[in-house]
Amino acid sequence: MRTGESAPAELRRGFRRARAGSTALLLALFAIGFFQRFAPATFAEPIGAAFGVSAAQLGLFAAGNFWVYTVMQVPVGLLIDRYGTRMVVAVGGAVTSAGTLLLAAAPGFGVAAAGPLLVGLGTSGIFVGLLKSNATWFPERHYGVVTGVTMFVGNLGSIFAEGPSALLLTAFTWRSIFLVVGLLAAATTVLVLVVVRDSPEEAGYPDVLPRPAAPAPAGGSRRLRSALASRQVWLVFFAVIGTNGTFYAFSGLWGVPLLRDGFGLSNAAASAYTTIGLVVYGCGNVLLGVLSDRLGRRRPVILVCSASAVLGWAGFAFLPWSPGWSAVVLYALVGLAGAQVVPAFAAVKESTAPSAAATALGVVNVGAFLASGVIQPVFGWILDARPGSPEASSHPVLADYRWALIVPLVLSAAGLCCALGVRETFRRGPDH
Ligand SMILES: NCCCC[C@H](N)C(=O)NCC(=O)O
């Protein structure tokens with residue numbers, strides 16, 4: 001049975017329908033996961049008020065999802081390489097749904113706090129599973145753009161967690177919103193079990209493109225060792241820390257206070273600049289995917305992003321910038337740099353045996369998550385330790401932020417050095 005250009009039109013249509021069904025369901029769960037990750041920004045206040053808990057307890061509540069998700073990246077990568085996307089994502093979807101419903105119905109904060117932990121656990125396999133599924137269902141030459149669109153759709157979930165959710169909260173309780181999200185996750189999970197197939201072959205179609213079998217490292221520990229022994233995986237890991245990790249750390253926390261404390265902007269005015277960075281990031285995901293597919297190369301795009309990060313962070317730390325065009329350019333530069341993940345994930349997938357791809361992608365994803373988890377507090381410690389600030393309550397000034405901004409600058413410079421060593425994969429897998 002042929003599904004390429006020479007295959008009968010009906011067969012091609014069936015193949016495309018099967019691919020669209022699988023991909024759409026995985027994307028839906030991915031967007032739900034992104035929603036959950038960003039939901040604390042909007043829902044922390046009503047949830048805190050409902051349970052009468054402190055800001056610190058709420059911080060722990062929000063961090064639960066993040067840390068469980070990060071720790072699980074490599075284990076779920078191994079599980080996906082072993083059991084396939086459908087099984088791991090279906091189990092994950094069920095756990096996500098249970099965690100969300102638990103939060104919606106929680107009688108007290110102790111039970112509610114278990115919700116984000118379960119959600120972090122449940123959603124941890126979706127992204128890596130989706131990347132692996134994309135690698136199986138789409139031609140290699142389109143992997144960049146497919147990854148870019150994947151990231152873009154995930155980001156729609158985070159957008160829904162902000163403004164639209166705040167609007168929903170004016171009409172509905174947070175419990176009813178989480179109830180609906182939990183039921184939605186449950187329904188999507190059932191559909192994943194019924195509709196998703198791990199490969200075109202499993203769906204009754206031959207592979208999209210015939211790919212010569214790559215040497216497959218058998219067994220979990222072999223796959224992990226092969227991912228951890230790959231120079232390409234580590235070079236990309238550190239390059240992504242310098243771009244995506246620094247950008248997420250900044251846009252998720254310090255990007256707004258920098259403008260507020262440094263230039264006296266209101267919260268709303270300051271967050272317009274982080275929004276610009278996020279929009280450039282979201283669009284950059286798709287555009288860089290298209291660009292690197294068209295070029296047939298990943299490395300130049302990876303390098304431009306690393307250079308963009310160094311320029312952006314150096315500008316923030318040393319140039320005489322201020323709100324207005326100079327700030328827009330700097331926020332856009334670091335946003336664009338963050339979109340490096342798209343060609344970077346492609347370069348990792350293309351240099352790894354398909355049977356170990358999810359494990360290697362999981363390793364790289366950990367880097368981006370760990371970076372923001374570490375950079376955010378370190379940035380804060382540098383601000384707290386600022387010289388000549390005897391009163392703990394006084395706000396840091398621009399000069400203090402410039403010191404802290406040296407952290408992302410150093411990481412991005414190290415990332416650029418690593419990016420220089422990344423091997424070009426020419427849009428093709430390791431077996432070509
Ligand atoms: N602190 C967030 C890091 C993001 C890492 C990466 N760019 C990403 O978005 N991964 C998608 C995922 O959900 O794992």
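Our subject in this report is the structure included herewith. (Residues numbered from 1 in each chain as written. Predicted model: local features only at pLDDT ≥ 70, side-chain atom pairs only at ≥ 80, totals over all residues. Heavy atoms only, no water.)

1. Remarks on the packing of aromatic side chains
Stage number 1. The full count for this structure, using the stated rule, is 34 aromatic pairs.
Stage number 2. Ring geometry for Tyr248 against Tyr281: centres 5.6 Å apart, planes inclined by 85 degrees, an arrangement best described as edge-to-face. Of the two residues, Tyr248 sits in helix 10 (residues 231-263) while Tyr281 sits in helix 11 (residues 267-295), which places them 33 residues apart along the sequence. A single burial state applies to Tyr248 and to Tyr281, both of which are buried.
Stage number 3. Judged by centre distance (5.2 Å) and plane angle (90 degrees), the ring pair of Phe316 and Tyr331 falls under edge-to-face. Of this pair, Phe316 sits in helix 12 (residues 299-318) while Tyr331 sits in helix 13 (residues 325-338), placing them 15 residues apart in sequence. Judged on exposure class, the residue Phe316 and its partner Tyr331 are both buried.
Stage number 4. The structure contains a cluster of three or more aromatic residues connected by ring pairs, namely Phe35, Phe43, Phe51, Phe61, Phe109, Phe160, Trp174 and Phe178. (Phe/Tyr/Trp six-rings, centres within 6.5 Å; stacked < 30°, edge-to-face > 60°. Helix = DSSP H or I, 4+ residues; strand = E, 2+ residues; numbered from the N terminus. Buried < 20%, exposed > 50% of the residue type's maximum accessible area, 1.4 Å probe, protein only.)

2. Quick look at the site of the ligand
Stage number 1. The full set close to the ligand counts 14 residues, and Arg37, Tyr69, Asn244, Asn365 and Ser372 are the nearest of them.
Stage number 2. Measuring from an oxygen atom of the ligand, one finds a side-chain N or O atom of Arg37 at 2.6 Å.
Stage number 3. Asn244 is positioned with one of its side-chain polar atoms (N or O) 3.0 Å from a nitrogen atom of the ligand.
Stage number 4. Contact with the protein chains removes 97% of the 390 Å² of surface that the ligand exposes when unbound.
Stage number 5. Among the secondary structure elements, those contributing two or more residues to the shell around the ligand are helix 1 (9-51), helix 10 and helix 15 (357-384).
Stage number 6. The leading source of residues in the shell around the ligand is helix 15, at four residues. (Near = heavy atom within 4 Å. Polar contact = N/O pair within 3.5 Å; in protein donor to acceptor, adjacent residues only side chain to side chain. Areas by Shrake-Rupley, 256 points an atom, 1.4 Å probe, with all protein chains shown as cover.)

3. Side note on empty space enclosed by the protein
Stage number 1. Counting across every chain of the model gives two cavities of 30 Å³ or more.
Stage number 2. A volume near 40 Å³ is recorded for the largest cavity.
Stage number 3. Lining the largest cavity are Leu29, Phe30, Gly33, Phe34, Arg37, Tyr69, Thr123, Ile126 and Phe127.
Stage number 4. When contributions to the lining of the largest cavity are tallied by element, the ones reaching two or more residues are helix 1 and helix 5 (126-137). (1 Å grid on protein atoms, 1.4 Å probe; cavity = no way out; pocket = protein on both sides within 12 Å on 5 of 7 lines; lining within 4 Å. Points joined across faces, edges and corners; volume = space filled by probe spheres on them.)

4. A look at the nonpolar core
Stage number 1. Counting residues in hydrophobic clusters, the biggest one holds 109 residues, and the most contacted among them are Phe178, Leu258 and Phe316.
Stage number 2. In terms of residue count, the dominant contributor to this core is helix 10 (15 residues).
Stage number 3. The contacts of Phe178, once residues within four sequence positions are left out, are Phe35, Gln36, Ala39, Phe43, Ile47, Thr100, Leu103 and Ala104.
Stage number 4. Counting six residues, the second-largest nonpolar core is a separate cluster that includes Leu11, Phe15, Phe138 and Val146. (Core = buried A, V, L, I, M, F, W, Y, C linked by side-chain atoms within 4.5 Å. Contact = heavy atoms within 4.5 Å.)

5. A few points about the pattern of salt bridges
Stage number 1. Enumeration according to the criterion identifies four salt bridges in this entry.
Stage number 2. Its salt-bridge partner being Arg260, residue Asp261 comes within 3.9 Å of it at the nearest N-O pair.
Stage number 3. Among the residues examined, Arg260 registers a relative accessible area of 31% and is labelled partly exposed.
Stage number 4. Within this structure, Asp293, Arg298 and Glu350 form a network of salt bridges that share partners. (Salt bridge = Lys/Arg side-chain N within 4 Å of Asp/Glu carboxyl O.)

6. A look at helix 13
In an α-helix there are 3.6 residues to a turn, and that puts residues three or four apart on one side.
Stage number 1. For helix 13, built from 14 residues, the straight-helix expectation of 20 Å at 1.5 Å per residue is met to within 8% by its first-to-last C-alpha distance of 20 Å.
Stage number 2. Restricting attention to buried positions, one finds in helix 13 the residues Ala327, Val328, Leu330, Tyr331, Ala332, Val334, Gly335, Ala337 and Gly338.
Stage number 3. Packed against the buried residues of helix 13 are helix 10, helix 11, helix 12 and helix 14 (341-349). (Expected span 1.5 Å × (residues − 1).)

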